[in-house]
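So the chains spell out like this:
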Amino acid sequence: MPRTGGVYSPPAGTKGVSNTTIQSVPYNALVDDLSADANAARPVTAGGTGATSASAARTNLGLAIGTNVQAYDAGLQSIAALATAADRMIYTTAADAYATTALTPFARTILGDADAAAALTTLGVSAFAKAILDDTDAATARTTLGVAIGADVQAYDAGLQSISGLTTAADRTVYTTASDVYATTALTPFARTILDDTSAAAVKTTLGLAAVASSGSASDLSSGTISDARLPGSMAGKNFSSGISFANAVAAGSTDLSKHIQLYSGYGFTITGSTLNYTVPANSSHVWNVNGTEVGRLNSSGLTLATPLALAEGGTGSTDAATARGNLGANSASNLTTGTVPNARIAGAYDGITTLGQTGTHTITTPGEAIRIVGPASTDDPYVSFYKGATRQAYIQHTDGTGVNQGLRIYNDTATGGDTALTLKNSGGVDSLEFQVNGAEHVVYHSGNLSSADLNSIYGYTPANSAKQIIAGNGLTGGGTLAADRTLTLGTPGDITNSTTNSVTSTSHTHALGFTAAEVYVGTGANDTSFPLGHIVALGNDANIARNASGTPTLHNSINRYYVPSTHPSAGAALAGTWRSRGVVNGNGEYNIMQRVA
């Protein structure tokens, strides 16, 4: 059954010839061939399907269900029946039943948001409002609003409420009449001058009671007691002899006058103005008694204390430097647990200092190790901490062992959203640099701990191997395993003819021959001037233009039955584009054929 391009051709020698007897062998061969062709599947090029089954026919016709066309689906059929319009979206009303509803451009901006924060921004919610919306309780919301009780606003207090209800005026003060109950009373400017005095003596000065009479006269005093440190001006320039005592200034209302300083004779005391002057003779001393007990002597060499001043009196409790340091808690052999070392320099003997208070900048200049923190035992892990007031903010510590996060750690106690740490890790002999957030570990990869498997898990792919192949599909040749570079080659297509179709084989492909509507003029306007490329018009009125010569066809300005050249007296609007002559209709040149070429 010979076929060329799907077209049937009868076997040679089978056609009848006039006045010639038909031979049985060629005729029988033709009949058998026709019978076989009639029973065979008709090829697509002959108007058939090239198949003997519906499935194969659909495949040959490019209608394979699930490959070329969509298999029937009730849901898709429901969607296909919908009437759509601008700004609509589909949704289900039952199983495989769809309907449409409005979807405005604004709604699409909400659907395009990646998270709640972005949606709130689209809705015009301000950053401040979003900060309120994500607060988990009233206390957090008050903090966001800047009205945290005890920090931004005062917590309710019955006493403060009582004070807020008072009516105030000039020169008034507040006092209590019961628990959490306040009232006001007068407070004159004069009363305020007494309230700002810091001692009984200052109060007496404010009240004008500082000057008291002395027991002696205006002449030299040989004995007696002056009961206040202030001397009347009338005694200026007077001399004292022996047995003059000055009683200590005491608290208001006290009757204890036992404490005093007793001045002995022979010292030439004089008073000039309000200043007490005295001269200590050579090789003699002035005894200083308190409550009858000698506490020191004043001579020309200075003041010598019989008993060192105690710590409560502003002294050291010792005349020996080492003992004094011990009393002050600064002995080189002991620890400084509290206090302030008044200089940034610390001798090596101060090992074990637990608290060192010092303001300003400390500078340590050394060519080697400057500061060493030693844990007493091998299991100790000492660390350096940073505090704001009583709250620890961060610390630096080295730990050792096989547990989680062992090594040198910089730990931030107060990071926003949770604690954070940076650890130069050495857990179980595996070195790494890790960043932790709330205990979750994030490893910083480096050449010491990075492997191909790590790279695969990071980038999400498997390295190439020879078990994988590149397969050449229809119309392509080449390919092979990934063990080497591979090339895919496009097969050479066949010629395009009037009978070719869009098809592909294992090594080649063909195309159908088609035209677009723009290549053929389909207008009906008598005065149209725009025609597609290749369009031909006939010019009348002796348009004698040589073959392939340029010319400009125009509309006849009054007769709409034919076109004339631009040189004609009745030339109207010119046709668009470039035109060339394809010759004349007759030898007289009455009509010229023109074709648009550009």
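Analysis parameters
- Note on numbering: residues in each chain are counted from 1, in written sequence order.
- Note on the predicted model: pLDDT of at least 70 is required for a residue's local features to be given, and 80 or more for side-chain atom pairs to be given and counted; whole-chain, interface and lining totals, by contrast, use all residues.
- Hydrogens and waters are ignored; side-chain quantities use all the structure's heavy atoms.
- Think of it this way: any DSSP run of H or I at least four residues long counts as a helix, any run of E at least two long counts as a strand, and we number them from the N terminus.
- Relative accessible area decides the class of each residue, using a 1.4 Å probe on protein chains only: under 20% of the type maximum gives buried, over 50% gives exposed, and in between gives partly exposed.
- Contacts are assigned to residue pairs with any non-hydrogen atoms lying within 4.5 Å of each other.
- The protein chains shown are the only cover counted for residues, whose accessible areas, like all others here, come from Shrake-Rupley with a 1.4 Å probe.
- Paired strands, in this sense, are two strands between which DSSP finds at least two bridges.
- Note on method: axes are straight lines fitted to C-alpha atoms, helices fitted across the in-contact stretch only, with angles between N-to-C directions ranging 0 to 180 degrees.
- Among buried residues, those of type Ala, Val, Leu, Ile, Met, Phe, Trp, Tyr and Cys that are joined through side-chain atoms within 4.5 Å constitute a nonpolar core.
- Only centres within 6.5 Å qualify two rings of Phe, Tyr or Trp (six-membered ring in Trp) as a pair; their planes then separate them into stacked at under 30 degrees, edge-to-face at over 60, and tilted for everything else.
- Salt bridges are counted wherever a side-chain nitrogen of Lys or Arg sits within 4 Å of a carboxyl oxygen of Asp or Glu.
- Any pair of N or O atoms that falls within 3.5 Å is considered a polar contact. Within protein, one atom must be able to donate a hydrogen and the other to accept it, and sequence-neighbouring residues count only if both atoms are side-chain atoms.

**Student:** How should I be thinking about the overall build of the protein chain in this particular structure?
**Tutor:** Across its full length, the protein chain carries 12 helices and 32 strands. With 598 residues in all, the protein chain has 18% of them scored as buried. Considering only contacts within the protein chain whose residues lie at least 6 apart along the sequence, 21% involve residues at least 24 apart. Summing over all exposed atoms, the protein chain offers an accessible surface of approximately 40300 Å²; the carbon and sulfur share of this is 55%.

**Student:** Can you walk me through the pairing of strand E5 (residues 172–178) in this structure?
**Tutor:** Each regular strand carries side chains that alternate between the two faces of the sheet. Relative to strand E6 (residues 181–186), E5 runs antiparallel, the two being bridged by 6 bridges. Pairing of Arg 172 across the sheet is with Ala 186, part of E6. The antiparallel pairing of E5 with E6 creates a hairpin that spans 2 residues between the two strands, and Asp 180 there sits at a positive phi of about 60°.

**Student:** Hey, could you run me through the sheet that holds strand E23 (residues 488–490) in this one?
**Tutor:** Strands in a sheet are paired, the pairing made by backbone hydrogen bonds, and the direction either parallel or antiparallel. Spatially, 3 strands are ordered E21-E22-E23 in an open sheet, and the strand pairing comes out antiparallel. Both outer strands of the open sheet, strand E21 (469–471) and E23, are each paired with one neighbouring strand and no more. Taking each pair of neighbouring strands and ignoring which way they run, the sheet shows an average axis angle of 10°.

**Student:** Would you explain the nonpolar core in this entry?
**Tutor:** Soluble globular proteins tend to bury their nonpolar side chains together. Grouped together as the largest cluster of nonpolar side chains are 10 residues: Phe 531, Val 537, Leu 539, Ala 543, Ile 545, Leu 555, Tyr 563, Leu 575, Trp 579 and Met 594. Discounting residues that sit within four places of it in the chain, Trp 579 has contacts with Phe 531, His 535, Val 537, Ala 549, Ser 550, Gly 551, Pro 553, Met 594, Gln 595 and Arg 596.

**Student:** Mind showing me how you'd approach the packing of aromatic side chains here?
**Tutor:** The geometry of an aromatic ring pair is captured by two quantities: the separation of the ring centres and the angle between the planes. In total, this model carries 3 aromatic pairs according to the counting rule given. On the basis of an interplanar angle of 55° and a centroid distance of 5.4 Å, the ring pair of Tyr 383 and Tyr 395 is categorised as tilted. Here Tyr 383 is found in strand E15 (residues 383–388), whereas its partner Tyr 395 is found in strand E16 (residues 391–399), with 12 residues between them in sequence. Take Tyr 395: its relative accessible area is 11%, and that puts it in the buried class. Judged by centre distance (5.1 Å) and plane angle (15°), the rings of Tyr 395 and Tyr 411 are stacked. With Tyr 395 in strand E16 and Tyr 411 in strand E17 (residues 407–412), this residue pair connects regions lying 16 residues apart in the sequence. Tyr 411 matches Tyr 395 in its accessibility class, with the two residues each being buried.

**Student:** What should I look at first to understand the pattern of salt bridges in this one?
**Tutor:** If the charged atoms of two oppositely charged side chains come close together, the side chains can form a pair. One pass over the full model with this rule turns up 3 salt bridges. For Glu 369, the salt bridge identified is with Arg 372, shortest N-O distance 2.5 Å. By relative accessible area, Arg 372 is classed as exposed at 60%.

**Student:** Which parts of the structure should I look at to understand the side chain of Ser 78?
**Tutor:** Tracing the backbone through its elements, the reader meets Ser 78 in helix H3 (residues 74–80). On the accessibility criterion, Ser 78 (16% relative accessible area) is buried. If sequence neighbours within four positions are ignored, Ser 78 has contacts with Asp 96, Ala 97 and Tyr 98.

**Student:** Looking at this structure, how should I read the pairing of E15?
**Tutor:** When E15 meets E16, the two strands line up antiparallel, connected through 6 bridges. Residue pairing in the sheet places Tyr 387 in a bridge with Arg 392 of E16. The turn joining E15 and E16, which pair antiparallel and follow one another in sequence, is formed by 2 residues; a positive phi near 65° is taken by Gly 389.

**Student:** Would you mind going over the environment of Thr 59 with me for this structure?
**Tutor:** Structurally, Thr 59 is set in helix H2 (residues 54–60). The class of Thr 59 is partly exposed, set by a relative accessible area of 47%.

**Student:** Before we go on, may I ask you to explain unusual backbone geometry in this structure?
**Tutor:** Negative phi values dominate among residues other than glycine, just as trans dominates among peptide bonds. In this model, Asp 171 sits at a positive phi of 60°, which is unusual for a non-glycine residue. In this fold, Asp 171 is placed in the loop between helix H8 (158–164) and E5. Classification of Asp 171 by relative accessible area gives partly exposed; the value is 37%. Non-glycine residue Asp 180 carries a positive phi angle of around 60°. Judged by relative accessible area, which is 39%, Asp 180 ranks as partly exposed.

**Student:** Could you clarify how one ought to interpret the environment of Val 147 in this entry?
**Tutor:** Within the secondary structure layout, Val 147 lies in the loop between helix H7 (138–144) and H8. Its relative accessible area of 32% is what places Val 147 among the partly exposed residues. Those residues in contact with Val 147 that sit more than four places away from it in its chain are Arg 142, Asp 152 and Val 153.

**Student:** I tried to follow the side chain of Asn 592 on my own but got confused; where do I start?
**Tutor:** With respect to the helices and strands, the residue Asn 592 is situated in strand E32 (residues 592–596). For Asn 592, the side chain forms a polar contact with the main-chain oxygen of Gly 583, separated by 3.1 Å. Residue contacts for Asn 592: discarding those within four places in its chain leaves Val 537, Ala 538, Leu 539, Ala 543, Asn 544, Ile 545, Ser 581, Gly 583 and Val 584.

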